[in-house]
Amino acid sequence: MGGRSPARWWRCALLLLLALALAVAEGRFVVEKNSLRVTSPAALRGVYECAIGNFGMPQYGGTMHGVVVYPKANTKGCKPFSDSGLSFNPKAGGLPVFLLVDRGDCYFTTKGWNAQTAGAAAVLVADDRAEPLITMDTPESAGKEHLENITVPSALVSKRFGDDLKAALENGDMVNVLLDWRESLPHPDERVEYEFWTNSNDECGAKCDMQMNFVRNFRGVAQVLEQRGYTQFAPHYITWYCPEAFVLSKQCTSQCINHGRYCAPDPEQDFTTGYDGKDVVVQNLIQICLFKVANESRKPWLWWDYVHDFAIRCPMKEKKYTRDCANGVIKSLGMDIDKINKCVGDPDADEDNPVLKAEQDAQIGHGSRGDVTILPTFVVNNRQYRGKLDKRAVLRAICSGFEETTEPDICLTQASGVGRCQINNGGCWKETRNGKSVSACSNEVAKGCKCPPGFKGDGIHSCEDIDECKERLFCQCKGCSCENTWGSYECGCGGNNMLYMREHDTCISKVASSSVGWGFLWVIFFGLGFAGVGAYAVYKYRLRSYMDSEIRAIMAQYMPLENQDTSSHQRPVEHADI
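These figures come from a predicted structure and were not determined experimentally.

1. Some thoughts on the overall build of the protein chain
Counting its secondary structure elements, the protein chain contains 13 helices and 21 strands. Across the 578 residues of the protein chain, 44% fall into the buried class. Considering only contacts within the protein chain whose residues lie at least 6 apart along the sequence, 64% involve residues at least 24 apart. For the protein chain, the computed accessible surface area is about 31400 Å², with 53% contributed by carbon and sulfur atoms.

Here is the structure:
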């Protein structure tokens, strides 16, 4: 087999992929739907089905009112609408715009991004062929540049319904609709069961980056939900089998374990370099077994810590994606590595692995849930989640799975970002020393981590103490002595009679020992004394003058006073005149 040419290798690989595709095609893919209610015009009034797009943020558990608009140009939404001078930002007091675009010519995500940047609140894609509704998925290679930034919900509508909408708009009718996600996920009781179908591969481009960002952001929320008994969580991993005819081929031996029973695609899509698919299968198996052991010890939430730490400490690009590195992470979490290794078993054995066999069985749809064929995938209450893998969007979907009035408090706080530091410290750095806890998370902001004063770093992985003394940032006054502390500093002025003023970075005396100071105080005291005496003298003088004038006026009513003229034209004041 080793002498095969690269062309024959690729032909064999293509045959393998074809066989895998045929195996998957035998399964059942369920299109997740929400309802769209047209309230006007009367001719279209009714409820219609639409397929939830696997990007953007569906408003699980909620509704959205809007008015449908079909663009005059760029009807497929493949170019920025600003190129045509179009904007769909609603006017003050107006309904949000649901932009209707035609399918074709570009990726669904491109249509969604162009609609969002033009101001649309949601995008409706009208199918261009008469067929059952399909799921608008994210692209595998190109067209991913806007994937992380799309937040508006999207839905695919049938060709017939799309034509009816366009006809009504062309007729001048105002088309009002209500998008409804309230029944998109079942909510039978006060506990939600959900699954996360994922992969340990970290070299698959935008999807892998999005997946790891989600694990980092959602980890704290998931752990709190699990610890308080609100949810029952289980991770899962997709594997395929190698067709019997190719079990001994180089492609199968490099991509599969257990004699071709459990396979994964090559991480770099190149069989000659880097890691192989079998390396991914082994790491996936380790993560499943770690969850099983953690779950048996009633600590299933440790899976989130392991996956988070493994991605940081054992990345493929640094050539650390190894079993030894995985064992180091397991030991750091204090887990029983012997139990995990026993669960993993022998990847080279020509026999079934019961754990991976159960994973393959779980991939097949049952009940209302279809086959799992898209990675990553969330399944909530046996119904597949559709939309962007975002902390708030996924939490909203989980919260919509609770029976009414039984939602935990975290659904009311975390969905809006309030109180985020109570959940795994918001994913930020936190450390406690000598009973003092310091955190880079703040409830005053909706997201982000920032080291507190006295520390420096990224705020996520670490914050290091700043040595204010060594860097001569404070305590630079004459005669001052500086001592660095964790997150702060202590400044001494020398002697017990000196006091350090932190605000002004200076020292002052606790006692007034200066003669100049005492002399200045005596001047103030004497000045105040003289001012008081003067004010009292003025007061007495004015009071005496006032009393004298009053007495003279009263006596003048009864008798003439000395040197007072008693001319006949003057008369005494009589009582009746007073």
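2. Points about the state of the cysteines
By the definition in use, this model includes 10 disulfides. Each disulfide pairs two cysteine sulfurs, and for Cys428 the partner residue is Cys449, the sulfurs being separated by 1.9 Å. Classification of the bridge connecting Cys428 and Cys449 rests on its S-S torsion, roughly -75 degrees, and on that basis the disulfide is left-handed. In this pair, Cys428 sits in the loop between helix H12 (409-413) and strand E14 (430-433) while Cys449 sits in the loop between strand E15 (436-439) and strand E16 (455-457), placing the two residues 21 residues apart along the sequence. Linked covalently through their sulfurs, Cys451 and Cys463 form a disulfide whose S-S length is 2.1 Å. Looking along the S-S bond of the Cys451-Cys463 disulfide, the torsion reads about -90 degrees, which is the left-handed sense. Taken together, the residues Cys451 in the loop between E15 and E16 and Cys463 in strand E17 (residues 463-465) connect sequence positions 12 residues apart. Cys463 carries the same exposure label as Cys451, and that label is buried.

3. A look at the packing of aromatic side chains
Scanning the entire structure with this criterion turns up 22 aromatic pairs. Members of the aromatic cluster, connected to one another through ring pairs, are Tyr194, Phe196, Phe214, Phe218, Phe233, Phe291, Trp303, Trp304 and Phe378.

4. Some remarks on unusual backbone geometry
Along the chain, Ser40 connects to Pro41 via a cis peptide bond; the corresponding omega equals 5 degrees. Unlike most non-glycine residues, Asn74 shows phi in positive territory, near 55 degrees. Along the chain, Asn74 turns up in the loop between strand E3 (63-69) and strand E4 (97-102). On the accessibility criterion, Asn74 (18% relative accessible area) is buried. One non-glycine residue, Asp105, lies in positive phi territory at about 75 degrees.

5. Concerning the pattern of salt bridges
Counting across every chain of the model gives 15 salt bridges. Arg191 serves as the salt-bridge partner of Glu193, at 3.1 Å between the closest nitrogen and oxygen. Through salt bridges with shared partners, one network takes in Asp102, Lys159, Asp163 and Lys166.

6. A look at the packing of helix H4 (residues 206-227) against helix H11 (residues 391-399)
Running from N to C, H4 and H11 cross one another at 30 degrees; their axes reach a closest spacing of 9 Å. The angle between the axes of H4 and H11 places the two elements in the roughly parallel class. At the point where H4 passes H11, the crossing takes the right-handed sense. Contacts between H4 and H11 involve Phe214, Asn217, Phe218, Val221 and Leu225 from the first element and Lys391, Val394, Leu395 and Ile398 from the second.

7. Thoughts on a negative patch on the surface
Together, Glu148, Glu203, Asp209 and Glu268 line one region of the surface with negative charge. Note on placement: Glu268 falls in the loop between strand E11 (262-263) and helix H6 (277-296).

8. Some remarks on the sheet that holds strand E8 (residues 192-198)
The strand order across the open sheet formed by four strands is E9-E8-E12-E13, and the pairing between neighbours is mixed. Either end of the sheet is taken by a strand with one partner, and the two such strands are strand E9 (231-237) and strand E13 (383-384). Inspection of the sheet shows E8 paired to E9 by seven bridges, in the parallel sense. Within the sheet, the bridge partner assigned to Trp197 lies in E9 and is His236. On the sheet, helix H10 (residues 354-363) packs against E8 and E9 and is oriented at approximately 105 degrees with respect to E9. Contacting E8, E9 and strand E12 (377-380), H11 runs over the sheet at an angle of about 20 degrees to E12.

9. Examining the side chain of Ser400
Relative to the helices and strands, Ser400 is located in the loop between H11 and H12. Given the relative accessible area of 14%, Ser400 is considered buried. At a separation of 2.7 Å, a polar atom in the side chain of Ser400 contacts the main-chain carbonyl oxygen of Ala397.

10. Considerations on the sheet that holds strand E1 (residues 33-40)
Picture the strands of a sheet paired through backbone hydrogen bonds; they go either parallel or antiparallel. Here seven strands make up a closed barrel; going around it, the order is E1-E2-E6-E5-E4-E3-E7 and the pairing mixed. Going from strand to strand, the sheet's axes swing by 40 degrees on average, the running direction of each strand aside. Of the pairings in the sheet, the one linking E4 to strand E5 (residues 122-126) comprises five bridges and is parallel in character. Each bridged residue has a counterpart across the sheet, and for Phe98 the counterpart in E5 is Ala122. Contacts between helix H2 (residues 108-117) and the sheet are confined to E4 and E5, with E5 contributing the most and set at about 140 degrees to the helix. The strands touched by helix H3 (residues 159-170) within the sheet are E1, strand E2 (46-52), E3, E4, E5 and strand E6 (154-157), with E4 carrying the most contacts at an inclination of about 120 degrees.

11. Here's the deal with the confidence of the model for the protein chain
For the protein chain, per-residue confidence averages 78 on the pLDDT scale, and 74% of positions sit at 70 or higher. Predicted confidence is poor over residues 1-28, with pLDDT under 50, and the contacts of this stretch with residues over four places away or in other chains come to 34 contacts. Predicted confidence for residues 512-517 stays below pLDDT 50, and this span has one contact to residues more than four positions away or in other chains.

12. Focus: H10
Owing to its 3.6 residues per turn, the α-helix aligns residues three or four sequence positions apart on the same side. Looking at H10, one finds that the buried residues are Val355, Leu356, Glu359, Gln360, Ala362 and Gln363. The buried residues of H10 occupy an angular sector of 160 degrees when projected down its axis, which confines them to one face. Those residues of H10 hidden inside the fold are in contact with E8, E9, strand E10 (256-257), E11, H6 and helix H9 (337-344).

13. What about the environment of Val175?
The topology assignment puts Val175 in the loop between H3 and strand E7 (176-180). Sequence separation between Val175 and Val68 is 107 residues, and the spatial gap between their C-alpha atoms is 5.6 Å.

14. A few points about the environment of Glu226
Following the sequence through the fold, Glu226 ends up in helix H4. Residue Glu226 is classed as buried on the basis of its relative accessible area of 13%. Beyond its immediate stretch of four places on either side in the chain, Glu226 contacts Thr231, Gln232, Phe233, Pro300 and Trp301. Side chain to side chain, Glu226 and Thr231 meet in a polar contact 3.0 Å long.

15. Concerning the nonpolar core
Core analysis: the largest hydrophobic core is formed by 107 residues, its most contacted members being Phe218, Trp304, Phe378 and Ile398. Looking at this core element by element, the count peaks at 11 residues for H6. Excluding anything up to four places from it in sequence, Trp304 contacts Tyr194, Phe196, Phe214, Val215, Phe218, Arg219, Ala222, Gln223 and Phe233.

What counts, and where the lines are drawn
Residues numbered from 1 in each chain as written. Predicted model: local features only at pLDDT ≥ 70, side-chain atom pairs only at ≥ 80, totals over all residues. Heavy atoms only, no water. Helix = DSSP H or I, 4+ residues; strand = E, 2+ residues; numbered from the N terminus. Buried < 20%, exposed > 50% of the residue type's maximum accessible area, 1.4 Å probe, protein only. Contact = heavy atoms within 4.5 Å. Areas by Shrake-Rupley, 256 points an atom, 1.4 Å probe, with all protein chains shown as cover. Disulfide = S-S within 2.5 Å. Phe/Tyr/Trp six-rings, centres within 6.5 Å; stacked < 30°, edge-to-face > 60°. Salt bridge = Lys/Arg side-chain N within 4 Å of Asp/Glu carboxyl O. Axes fitted to C-alpha atoms, helices over the stretch in contact; angles between N-to-C directions. Parallel < 35°, antiparallel > 145°, perpendicular 65-115°, else oblique. Left-handed = near helix turned anticlockwise from the far one by under 90°. Patch = residues over 30% accessible without salt bridge, like charges linked within 9 Å, V, L, I, M, F, W, Y side chains within 5 Å. Lys, Arg positive; Asp, Glu negative; His and termini not counted. Charge placed at Lys NZ, Arg CZ, Asp CG, Glu CD. Pairing = 2+ DSSP bridges. Polar contact = N/O pair within 3.5 Å; in protein donor to acceptor, adjacent residues only side chain to side chain. pLDDT = per-residue confidence, 0-100. Arc of directions from axis to C-beta. Core = buried A, V, L, I, M, F, W, Y, C linked by side-chain atoms within 4.5 Å.

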